[in-house]
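Chain by chain, the residues run as shown.
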Amino acid sequence: MTTGDWFASLYQGSYRSLVLTAYGLTGDLGEAEEITQEAFAVAYGRRTRVEGADSPEAWVRTVVVNLARRRGRRRAMLDRLLRRGAADPEPPPAPAGEHLDLHAAIRGLSREYRAAVVLHYLADLPVEEVGSILDIPVGTVKSRLSRARAALAEQLRTEEADRA
Amino acid sequence: MPDVERQLSILRDELRAAVPEPDLGAVVERHRQRRTRRRMQIGAVAAVLAVSGVVPILRQLDVEPPPATPPAPPTVTTLPATGGTPFISQMSFVDEDSGYALRCEGLEGDDPPPCQLTLLATDDLESWVEAGPVPVPERTDIDHLGRLIVLGPDELVVDWANLGEQTSSASARVHSDDGGRTWRNVPVPAVVTDAVPAIPEGAQLQRACATSAPYSCSTPTFTFALPGSGAAAVLADPPPLANPVPGEIPTADGHWWALGHVPGTARWAFSVSTDDGRTWTTTPLDADLPQNLWASVVSQGGILYASVSGADPLGDNELQAILRSEDDGRTWRQTWKLAEGEDLVQSVGTLVAAADGTVSFDEFPWTYTSTDGARTFELDGRERLGPVSWTRAGYLALGDRSGEFSPDGVDWRQFEIPLE
C-alpha cells in the first residue's frame, strides 16, 4: 500500500475523534463508525487535494458532518413519507466502561443537547467548531452545554441516591 | 455534586479506547468499491436516457377535450401504473416559483415503449398538481422519453426524438397553449426548411440537419419549436462549426452558444451569439482537449464559464477543463484543468456561476467552490440533491423524490415532488 505516511498519520490521529463527531450528530455509534470510514474512503480518493488543504483533519471532518447530515435528512424524509413522528434512533449498547451511567444519561438528553455535549466534550471540539457544525451561534452552544451539564449532574445525583 | 466535566473527560477517553479502528487497508478497499458503485450508478442513469432500438409495440393515449364552459382548474388524473418506478424525467421553470415537470411511468425492461407521461405544474414550488396526461403519439420509432419545452407560462411542447434519423431533432410533437389541459399534434418534417433569422424568445435549440442524412450531416443547423404554434423552424444563419452542439437555452446574460469543430479540422471551437443567433463569434480553443466532449456554459455578470467534460475508457464523465470568457466569447482562457496525478473528477451537471461571484461544480453529492474566478476549487461542504442543470429561471438540482432550485446560485429552495 502506497498512501504515504501522512495519510496513515491523519487516519490514526483523527479516526476516533471523528467517529465521536459523527456520533454527536447521529446518536448512533455504529452509524458513526460507518460514516467515518466512508469519509476516509472519500478522502483517500482525493488525497492529493486533502494533503494540500490547510487542515486535512478539518477537510475530513467536513465530509463526516455532511454524511451525517445527509443520513439525518434521509431519515427525516422517510419519516415524513411514512407519516410518522421523527424519532431518535434506538441507542446501541454502550461500550464497556466505568461510566455507563453518564453515557446512558447523555443518550437520554434531547437531540440538541446531546449533540452539543458529544461534539464538545467527547469529540473535543471547541465551541466555535460546534456552533459551525450545528449551525447555531456560539452563545447558544454555551447555553446548551450549561443546561446539559446541569441535567446530567441532576441525573447522576438521582442515580447515586437511588443506589444509596 | 458530581463533577460532570471530569467524568465527561474520562468518558471521552473510554469511548475513544473502545472504538475499534479498522486497518487503513480497509479504507483503501472501500474507496475502490465506491468508484465501482459510482460507475454503475452513472451508467444506469445514462441507460435510462439513451436512445435504443425500434419499439414494436403500439401505444395510444386518448385525451378528452375540455368542456365548452369556463375553464376548470387542472384535474387530478392518475393513470393506472404499468410497472416500473415512476420518476421525473424533466423539469422546467417559467420563473422562480412556477414551472412544469414530466412524470414518466412504465419505463422498464430492455426495450420499453414510450413511457406514460403526466404533466405536473407548480406555482409556488411547495405544491404540485397534475395538469393531466400528455398524449403519446402512436409511433413505433420514437424515443421512450418525451422532451419538455416550456415556451411560455401556459405554452408547452413535448417532443419525442426519432430513433432512426439521428440528425432529425424531433419526429413527433404535441403542443399545448393552455398549460397542458389540451394538446394537439404538430407535424414535424424529417428535414425542416422554414428558416427564421433569430431564435424566438422561449425557444430551445436542438441539433438538426438541413438535408436528410441518417448518420452524418454536412449541413448542420439548429431547430426549435416556434412559440404560438409549436411548428418547427431552423435558424437561418447557424454558427460556422462542424458537428455543432448548441446549448438548448441561453445563459443568464442571454448568450447563446455552441461547441463544435473548426470545419475541416479536429480543433474544438466555441461559437457565441449575443443577438439571438443572428450573428456568431467563433473562437478556436487553445486547450488540450480529447476528441469526445460535451460542454455546458453558464454566465454571471457578463462572464462566461464553460465546463468541458469527456468520457474515460470506462464511459464515465470526466471534467476535463473549465474555461472563462470576459468578452462575449471572443477569447477563452482555461482557468482550471485536472492536475497531474489528481483523482478523476466525475462531474455530471453544469457549473454554478453564482451572484456572489463564486463558481462551483458538483461531483455528486459533493460541491467544490472557487472564489478566485474558477482557478482553484475547494470542497465547501454543501451538498446537492442531484446533478445541477441551468433553466431559464435559475439552477435546478433534481434528486429522486425532491429537488432544489436557485434563481441566483446563492439561495436554494428545496421542494418535494409527487411521484404517485
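What counts, and at which threshold
Residues numbered from 1 in each chain as written. Chains lettered and ligands numbered in written order. Predicted model: local features only at pLDDT ≥ 70, side-chain atom pairs only at ≥ 80, totals over all residues. Heavy atoms only, no water. Helix = DSSP H or I, 4+ residues; strand = E, 2+ residues; numbered from the N terminus. Buried < 20%, exposed > 50% of the residue type's maximum accessible area, 1.4 Å probe, protein only. Contact = heavy atoms within 4.5 Å. Areas by Shrake-Rupley, 256 points an atom, 1.4 Å probe, with all protein chains shown as cover. Phe/Tyr/Trp six-rings, centres within 6.5 Å; stacked < 30°, edge-to-face > 60°. Disulfide = S-S within 2.5 Å. Salt bridge = Lys/Arg side-chain N within 4 Å of Asp/Glu carboxyl O.

A.B. asks: Even after reading the chapter, I still don't get the overall build of chain A, so can you show me in this structure?
C.D. replies: Of regular secondary structure, chain A possesses eight helices and zero strands. Sequence-ordered secondary structure for chain A, helices as α and strands as β, is α-α-α-α-α-α-α-α. Residue burial in chain A is summarised as follows: out of 164 residues, 48% are buried. Here the analysis covers contacts within chain A between residues at least 6 apart in sequence; of these, 60% occur between residues at least 24 apart. Accessible area for chain A stands at about 7800 Å²; split by element, carbon and sulfur atoms hold 47% of it.

A.B. asks: What am I meant to see in the packing of aromatic side chains here?
C.D. replies: Given two aromatic rings, their pairing is described by the distance between the two centres and the angle made by the two planes. Residues and elements named next belong to chain B. Going through the model one piece at a time under the given rule, you end up with 17 aromatic pairs over all chains. Ring geometry for tryptophan 336 and phenylalanine 361: centres 5.8 Å apart, planes at 50°, overall tilted. On the criterion of sequence distance, the pair formed by tryptophan 336 in strand E20 (residues 333–337) and phenylalanine 361 in strand E22 (residues 359–363) is long-range, its members being 25 residues apart. One exposure class covers both tryptophan 336 and phenylalanine 361, and it is buried.

A.B. asks: Looking at this structure, I do not really get the state of the cysteines. What am I missing?
C.D. replies: Simply put, the disulfide is a covalent bond whose two ends are the sulfur atoms of two cysteines. All names here are of chain B. Within this structure, the stated rule accounts for one disulfide over all chains. Put simply, cysteine 104 and cysteine 115 are joined by a disulfide, and their sulfur atoms are 2.2 Å apart. Looking along the S-S bond of the cysteine 104-cysteine 115 disulfide, the torsion reads about -135°, which is the left-handed sense. Placement of the pair is cysteine 104 in strand E2 (residues 99–105) and cysteine 115 in the loop between E2 and strand E3 (116–122), with a sequence separation of 11 residues.

A.B. asks: In this structure, what is going on with the pattern of salt bridges? I would like to understand it.
C.D. replies: A side chain with one charge can pair with a side chain of the opposite charge if their charged atoms come near. In this structure the tally under the stated criterion is 16 salt bridges over all chains. A salt bridge links Arg324(B) to Glu326(B); its shortest N-O distance comes to 2.9 Å. Residue Arg324(B) is classed as buried on the basis of its relative accessible area, which comes to 12%. Beyond isolated ion pairs, a larger network of salt bridges with shared partners links Asp124(A), Arg12(B), Asp13(B) and Arg16(B).

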